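Observations on chain architecture
The residues making up each chain are set out below.
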2 protein chains.
Amino acid sequence: MGREKSATAEKIIKIASEIFAEQGYNGAKVDAIAKRAKVNKATLYYQIGDKATLYSAVLDRVLGQTINDVCHAVKGAGDPESKIKAFIHTLSVSSQAANFTAPIFLRELASGGKTLPDSALQHMGKLLGALTETIQQGIDEGIFRKVNPLFVHMMILGSILLYQTNEPIRRRNVAKNPEIYNPDHFLKNEESAEQILDLILSAIRA
Amino acid sequence: MGREKSATAEKIIKIASEIFAEQGYNGAKVDAIAKRAKVNKATLYYQIGDKATLYSAVLDRVLGQTINDVCHAVKGAGDPESKIKAFIHTLSVSSQAANFTAPIFLRELASGGKTLPDSALQHMGKLLGALTETIQQGIDEGIFRKVNPLFVHMMILGSILLYQTNEPIRRRNVAKNPEIYNPDHFLKNEESAEQILDLILSAIRA
DNA sequence: TAATTGTTCAACCGTTTAGTTAAAACATAT
DNA sequence: ATATGTTTTAACTAAACGGTTGAACAATTA
């Protein structure tokens, strides 16, 4: 299945991730991607195929990487609380650092995942599975109360994605009326993950 | 400023909300909007103006309505816990019922709100303001612990928007492998709001 | 070295798109 | 009856877009 990709193809997919994240599928123009990747458009079609195929490759790369990071970190942690911490921290860091998970994810949700390839669906399933397992473990051990893992999942994912993607809007808001500036609204990655972790643990602890 | 709109203009904006929600700004075609609204394209341009203006009107309508609903419900409630309950329930119901807040909201976040008109920014500020006030009130009364209201806000908004927009993906997942079906993943509006409320209150109670 | 294969390029093609135009039909009120 | 505002029809434009072509270039093999 996964035949290895040439360096040119990798470069194109990386740049395409940026542009799809910024503009969405319909907003992203093939010419713009080729230009920013510094390859001829025909090269793009030679290496990848059509626009839809390129987008699938981007989804696979972006979602796959982030979710693998998270699942790996969760496996590496011991008790359920540490696993939750690993989940939140890794997701927060990995989805921000030089990759474009959040906007792509949100856009996919907005369109009902109509174009999500099955591989991406499996990735997402893995993510939910990892958290559900952890929470169930915590419930079994008596340290978490009985909660619906799906909603905890939505809460974690939602707050991380929204906090990240909301940043430019908060900045613009402050630029418009500086008197509302509040340092608590501009926490760094690690601090924001800490805030979310604190709220989530309080929400689910027995 | 807000000169009142003709019935035709209202109809166009309503249909446009649907299509922008389904397809995003770039995916939505002016011809398709005119067709579904059963008006001639020339009428659309006569009544509204260009595509960007139409989109602004949609944003104003969709965000404005939902957020007004929420703020109104919060004002009508008494103690902070009731206000939070009103916030969550109203947002959950209003953003789903025959209006298209969630996808439009998520897409705006995904693109960093580049095209958000100032009016929409103010709406969003109102929403955050209403919650922040409520939480501060609860903290002052000693029933909530000291939490960062912004993150509570992201958590509520995030879980509601994600749960809603995630539904088709969950359905598709279950269709692919029916053995994973779980009724807890397909709660009705009111029940899901209840789940979120429960988690949020546990997270912030003193 | 000559032939073969894989890769890149500039130019091009057909379609779709947002937006316009002008004339005519329809509606409403003066 | 006339004037004003609104909608339709249907054709049109100019630009942008996804995708293709054929030739040039580079790497590999014989």
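Nothing here was measured: the structure is a model prediction, and the numbers come from that model. (Residues numbered from 1 in each chain as written. Chains lettered and ligands numbered in written order. Predicted model: local features only at pLDDT ≥ 70, side-chain atom pairs only at ≥ 80, totals over all residues. Heavy atoms only, no water.)

**Here we look at the overall build of chain A**
Keep this limit in mind: In this description a helix means any DSSP run of H or I spanning at least four residues, a strand means any run of E spanning at least two, and both kinds are numbered starting from the N terminus. Each residue gets one of three labels from its accessible area relative to the maximum for its type: buried under 20%, exposed over 50%, partly exposed in between, using a 1.4 Å probe on protein chains only. What makes two residues a contact is simply this: any of their non-hydrogen atoms within 4.5 Å.
Across its full length, chain A holds 9 helices and 0 strands. Helices and strands in chain A line up, N terminus first, as α-α-α-α-α-α-α-α-α. Summarising its shape, the C-alpha atoms of chain A cover approximately 60 × 50 × 30 Å along the three principal directions. Relative to its 206 residues, chain A shows a buried fraction of 53%. Once local pairs closer than 6 in sequence are excluded, the contacts in chain A between residues at least 24 apart make up 70%.

**Points about the pattern of salt bridges**
Residues and elements named next belong to chain A. Convention followed: The salt bridge definition used is simple: a Lys or Arg side-chain nitrogen within 4 Å of an Asp or Glu carboxyl oxygen.
In the structure shown here, the tally under the stated rule is 16 salt bridges over all chains. Residues Lys 41 and Asp 31 are paired through a salt bridge, measuring 3.4 Å at the closest nitrogen-oxygen approach. Within this pair, whereas Lys 41 is found in helix 3 (residues 41-47), its partner Asp 31 is found in helix 2 (residues 30-36), the two being separated by 10 residues in sequence. Classification of Lys 41 as partly exposed rests on a relative accessible area of 36%. One network of salt bridges, with partners in common, ties together Glu 18, Glu 22 and Arg 36.

**What to know about helix 1 (residues 7-27) of chain B**
Residue pairs three or four apart in sequence face the same way in an α-helix, which turns once every 3.6 residues. Our working definition: Given the number of residues in a helix, its expected span is that number minus one, multiplied by 1.5 Å. Throughout, bend refers to the angle between the axes fitted to the seven residues that end at a position and the seven residues that start at it.
With 21 residues, helix 1 of chain B extends just 26 Å between its outermost C-alpha atoms, more than 12% less than the 30 Å of an ideal straight helix rising 1.5 Å per residue. The axis of helix 1 of chain B is deflected most strongly, by about 80°, at Ala21(B). Burial in helix 1 of chain B covers these residues: Ala9(B), Ile12(B), Ile13(B), Ile15(B), Ala16(B), Ser17(B), Ile19(B), Phe20(B), Ala21(B), Gly24(B) and Gly27(B). Looking at the buried residues of helix 1 of chain B, the elements they touch are helix 1 (7-27) and helix 6 (101-110) of chain A together with helix 2 (30-36), helix 3 (41-47), helix 4 (51-76) and helix 6 (101-110) of chain B.

**Considerations on the protein's contact with DNA strand C**
For clarity, the threshold we go by: Near residues are defined by distance, with any heavy atom within 4 Å of the molecule or strand qualifying the residue. Two N or O atoms form a polar contact when they lie within 3.5 Å of each other; inside protein one atom must be a possible hydrogen donor and the other a possible acceptor, and for residues adjacent in sequence the pair counts only when both atoms belong to side chains.
Contacts to DNA strand C come from 16 residues, most closely from Asn40(A), Tyr46(A), Gln47(A), Lys41(B) and Lys51(B). In DNA strand C, atoms within 4 Å of the protein come 64% from sugar and phosphate. Val30(B) places a polar main-chain atom, nitrogen or oxygen, 3.1 Å from a phosphate oxygen of DNA strand C. The set of elements that each furnish at least two residues to the surface near DNA strand C consists of helix 3 of chain A together with helix 2 and helix 3 of chain B.

**Digging into the interface of chain A and chain B**
What counts, and what does not: Simply put, the buried area is the total loss of 1.4 Å probe accessible area from both parts when two parts are fitted together.
Taken together, the 54 residues of chain A in the interface contact 54 residues of chain B. Buried area between chain A and chain B, summed over both chains or domains, comes out near 4700 Å², and the portion from carbon and sulfur atoms is 67%. Ranking the residues of chain A by area buried against chain B places Phe151(A), Met155(A) and Leu199(A) at the top, with a combined share of 15%. For the pair chain A and chain B, the number of links is 6 salt bridges. A salt bridge links Asp118(B) to Arg172(A), with the nearest nitrogen and oxygen atoms 2.9 Å apart. At the junction of chain A with chain B, the criterion picks out 16 residue pairs in polar contact (both at pLDDT 80 or more). Mapped by element, the contributors of at least two residues to the side of chain A that touches chain B are helix 1, helix 6, helix 7 (118-140), helix 8 (149-176) and helix 9 (189-204) of chain A. If one sorts the elements of the side of chain A that touches chain B by residue count, helix 8 of chain A sits on top with 19 residues.

**Brief notes about the protein's contact with DNA strand D**
In the region of DNA strand D, 17 residues are neighbours, and Lys41(A), Thr8(B), Asn40(B), Tyr46(B) and Gln47(B) sit closest. Taken together, the sugar and phosphate atoms account for 61% of what DNA strand D places within 4 Å of the protein. Lys41(A) is positioned such that a nitrogen or oxygen atom in its side chain is 2.4 Å from a base oxygen of DNA strand D. Counting only elements with at least two residues in the surface near DNA strand D, the list comes to helix 2 and helix 3 of chain A together with helix 3 of chain B.

**Some words on the relation of the copies chain A and chain B**
Using the following cut-off: For the least-squares superposition of copies, only C-alpha atoms count, and only for residues with pLDDT at least 70 in both.
Under the fitted operation, chain A is carried onto chain B by 0.0 Å of movement along the axis and a turn of 180°, and the coordinates agree to an RMSD of 0.1 Å. Taken together, the rotation and translation relating the two chain copies correspond to the operation of a two-fold axis. The overlap is high: 100% of the interface residues of chain A also sit at the interface in chain B, so the same surface is used on both sides.

**Some remarks on the side chain of Asn148(A)**
On the secondary structure map, Asn148(A) appears in the loop between helix 7 and helix 8. The residues touching Asn148(A), leaving out its near neighbours within four places in the chain, are Asp184(B), Leu187(B) and Gln195(B).

**Considering the packing of helix 4 of chain B against helix 5 (residues 80-94) of chain B**
Residues and elements named next belong to chain B. Note the following rule: Fitted lines through C-alpha atoms give the axes, limited to the stretch in contact for helices. The angle between two N-to-C directions lies from 0 to 180 degrees. In what follows, roughly perpendicular refers to angles from 65 to 115 degrees, roughly parallel to angles under 35, roughly antiparallel to angles over 145, and oblique to any angle outside these ranges. It is the rotation of the near helix from the far one that decides the hand of a crossing: anticlockwise by less than a right angle makes it left-handed, clockwise makes it right-handed. Under the grouping applied here, Gly and all other residues not named as nonpolar or charged are polar, the nonpolar ones being Ala, Val, Leu, Ile, Met, Phe, Trp, Tyr, Cys and Pro and the charged ones Asp, Glu, Lys and Arg.
Look at helix 4 against helix 5: their axes get within 8 Å of each other, and the N-to-C directions meet at 155°. When the axes of helix 4 and helix 5 are compared, the pair comes out roughly antiparallel. When the axes of helix 4 and helix 5 are compared, the crossing they make is right-handed. Residues Thr 66, Asp 69, Val 70, Ala 73, Val 74 and Lys 75 of helix 4 form the contact with helix 5, whose own contacting residues are Lys 83, Ala 86, Phe 87, Thr 90, Leu 91 and Ser 94. Here the residues of the contact of helix 4 with helix 5 are counted per class, giving 6 nonpolar, 3 polar and 3 charged.

**Considering unusual backbone geometry**
All names here are of chain A. Located in the positive-phi region is Lys 38, a residue other than glycine, with phi close to 60°. For Lys 38, the position within the fold is in the loop between helix 2 and helix 3. Under the relative-accessibility criterion, Lys 38 is labelled exposed at 75%.

**Here we look at the environment of Ala77(A)**
Counting through the fold element by element, Ala77(A) comes out in the loop between helix 4 (51-76) and helix 5 (80-94). C-alpha of Ala77(A) to C-alpha of Phe87(A): the two residues are 10 residues apart in sequence and 9.4 Å apart in space.

**A closer look at the packing of helix 5 of chain B against helix 9 (residues 189-204) of chain B**
Helix-helix packing: each pair is described by the crossing angle between the helix axes and the interaxial distance. Residue and element names in this part refer to chain B. Between helix 5 and helix 9, whose axes approach to 9 Å, the crossing angle comes to 145°. At the point where helix 5 passes helix 9, the crossing takes the right-handed sense. Contacts between helix 5 and helix 9 pair Glu 81, Ile 84, Lys 85, Ile 88, His 89, Ser 92 and Val 93 from the former with Asn 189, Glu 190, Ser 192, Ala 193, Glu 194, Ile 196, Leu 197, Ile 200, Leu 201 and Ile 204 from the latter. Tallied by class, the residues present in the contact of helix 5 with helix 9 amount to 9 nonpolar, 4 polar and 4 charged.

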